[in-house]
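# Report on the structure
The chain contents come next:
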Amino acid sequence: MNAPKSERAPSPVPVGADGTVRTEDRVADLVAAEDVLLFVNAAITATGQREFRSGAAEQQLSLDFLHTYVRVNYRRVYAASLALDINHHNAALIVRRLLETAGEASPGELRAEGRLIAARLALLPPPRVYRLFGELRRGKVNNRRTRAIMRDWLAARPDLGHDAVKYRAGLKTVARHIHLPCPEGGGPLAEVGAFLFRPGRLPRYEHGLLDAWRRAHYEQGAVAELPFSVAEGFAAKHGMKREVFLKRAAPGMTRLERLRTQERRAAAGRHGAPAPKADLTVMPLTRLALYVLSLGFEQRAELTGALRAAARRAAGGHAGSWGRVHAVLDDSFSSSGSGQKRRRPLAVALACHHLLEVLAAPGAYRGLWTSGAGDALLVRPWGPTPLGMRILDALEPGADGAAPDRLVIVSDGWDNAPEGLAGEVLRVWRARLDPARRTAVVHVNPVYDAEGFAVRGLAAGVATAGIRDAEDLPALVEIARFAEGRTGTAELYAYLDRRVARFTGAGGEEGVAA
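Let me begin by describing the structure that accompanies this report. (Residues numbered from 1 in each chain as written. Predicted model: local features only at pLDDT ≥ 70, side-chain atom pairs only at ≥ 80, totals over all residues. Heavy atoms only, no water.)

### Concerning empty space enclosed by the protein
For the structure on display, the rule yields 3 cavities of 30 Å³ or more. The volume enclosed by the largest cavity comes to roughly 60 Å³. Forming the boundary of the largest cavity are Asp-330, Ser-334, Ser-335, Pro-345, Ala-349, Val-410, Ser-411, Asp-412, Pro-446 and Val-447. Tallied by class, residues from the lining of the largest cavity come to 5 nonpolar, 3 polar and 2 charged. (1 Å grid on protein atoms, 1.4 Å probe; cavity = no way out; pocket = protein on both sides within 12 Å on 5 of 7 lines; lining within 4 Å. Points joined across faces, edges and corners; volume = space filled by probe spheres on them. Nonpolar A, V, L, I, M, F, W, Y, C, P; charged D, E, K, R; others polar.)

Structure follows, in structure tokens:
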């Protein structure tokens, strides 16, 4: 009896009857490895949103095809992707597709998928999880396994009263779908049930946030006690001045809410009472780079220290371990991104610039922008993409006369000044000048190419990896080495097995290539 297609993953070492590796099986293994890397790169970068060279519909159609293709042909690898550094959009898509197609999986696969799904849901932002559960309800995915996963996730939430106020519609949908017991009478669940399904029945609530929501309908003083996104609606209802509201709400705002408020006020050029200040020293590196690029040139200089501090946190134990590092960073016009992902490619390049400076040995980093800019804080999306010329410059020996140990290229891959020069430079460099591969070359691309179903590469012998957040760069370099073709499929599957075991905290499970 033939195994289901999702279980026919290539064996790590395909061997013929005479003990030799069969050519056709070797080719099949290489194709499988390429498919896996293709999907992982897409799951890291693509969000289904408009990019500089493609619209949202094209992105969504291309991504949908990849998800279906990999789920049908490599289901275990598809589930194992949840243990990698993929973005939230694709993580939610994978969870949804796995739960919708549970009938295609074996009992062993279902157990492994359940652990991966639970671990990934714990990392996703609550609004995305509630949105995912709402999609499952609308899709009529109502089996016992799905309801159990929803119940376990709700049981792990620290405060359902908070969720009832901030994510009321989402929690109400999930409670109905899993038949959450909300008995009348006393107790936290009873109050949450009354708040969701019998509003106005109780004269007051014991839970502070639930009662603050009740009082906020007629009492301005209660507005500041609510989560910021909920309080904004009540403030508008009461006609509160924005400055007064922000001052009262500041203690309860999250750091991202503070940062968004600062960005909006800066973009609108508002004066008057300042917005609550976000602590930029604890911001994630890429998010901080996006904020820096939203400011005028004269305001950026004071944030150099915050960027370097964020880079040191992101590097962690890898700091100073990469030796001599040269980088080519794309600040061409296409790095402006799109209306939905404004300046994100440029922000990733700026964040990588500061991170690579920390990863390199002290004084052994050299960053080259495609525009020729000398100050990273003054970059802006401008001009063509002369990657080939900048790569030539980057391959030159450093001040000590030594060639770089690593060359990192951060670009969308659209080399156009002149077109194709980057790939030719790298090909000749590998074939003639560095056949021993003393310099490791990796290309990280923050943009998904919908037409090519992949992140756009530069040359056949150069590893290309998708990137969304610069903080993931050390892990992505590890994945990128599989794209060079010098490591076998067995090593790729072993790497996935290690990541899954570390992610779920389970050992001895059936591997992705089983």
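### A closer look at the layout of surface pockets
By volume, the largest pocket is sized at about 2,000 Å³. Breaking the lining of the largest pocket down by element, the ones donating at least two residues are α4 (88-100), α6 (126-138), α8 (160-166), α14 (255-268), α15 (285-293) and α22 (489-504). With 7 residues, the top contributor of residues to the lining of the largest pocket is α14. (Helix = DSSP H or I, 4+ residues; strand = E, 2+ residues; numbered from the N terminus.)

### Quick word on the sheet that holds strand β1 (residues 325-329)
Read from one edge to the other, the open sheet built from 5 strands follows the order β2-β1-β3-β4-β7, with strand pairing classed as parallel. Looking at the sheet topology across the chains shown, the edges are occupied by β2 (365-369) and β7 (463-466). Between one strand and the next, the sheet's axes are offset by a mean angle of 20°, whatever the strand orientation. In the sheet, β1 pairs with β2 via 5 bridges, with the strands oriented parallel. Looking at the pairing, His-326 lines up with Arg-366 of β2. In the packing of helix α21 (residues 473-480) onto the sheet, the strands contacted are β3 (406-410), β4 (440-445) and β7, and the crossing angle to β7 comes to about 135°. (Pairing = 2+ DSSP bridges. Axes fitted to C-alpha atoms, helices over the stretch in contact; angles between N-to-C directions. Contact = heavy atoms within 4.5 Å.)

### What about the nonpolar core?
By size, the foremost hydrophobic cluster in this structure holds 131 residues, and its most contacted members are Leu-121, Leu-226 and Leu-473. Tallying contributions element by element places helix α18 (residues 344-359) first for this core, with 11 residues. Those residues in contact with Leu-473 that lie beyond four places of it in its chain are Trp-322, Cys-352, Leu-355, Leu-356, Leu-359, Val-444 and Ile-467. Among the nonpolar cores identified, the runner-up in size contains 15 residues, and Leu-368, Ala-422, Val-441 and Val-462 belong to it. (Core = buried A, V, L, I, M, F, W, Y, C linked by side-chain atoms within 4.5 Å. Buried < 20%, exposed > 50% of the residue type's maximum accessible area, 1.4 Å probe, protein only.)

### Thoughts on unusual backbone geometry
For the bond running from Ala-417 to Pro-418, omega is -5°, close enough to zero to count as cis. With respect to the element layout, Pro-418 can be found in the loop between β3 and α20 (421-433). The phi dihedral of Lys-140 falls on the positive side, at around 60°, and the residue is not glycine. With respect to the helices and strands, Lys-140 occurs in the loop between α6 and α7 (144-156). Judged by its relative accessible area of 73%, Lys-140 is exposed.

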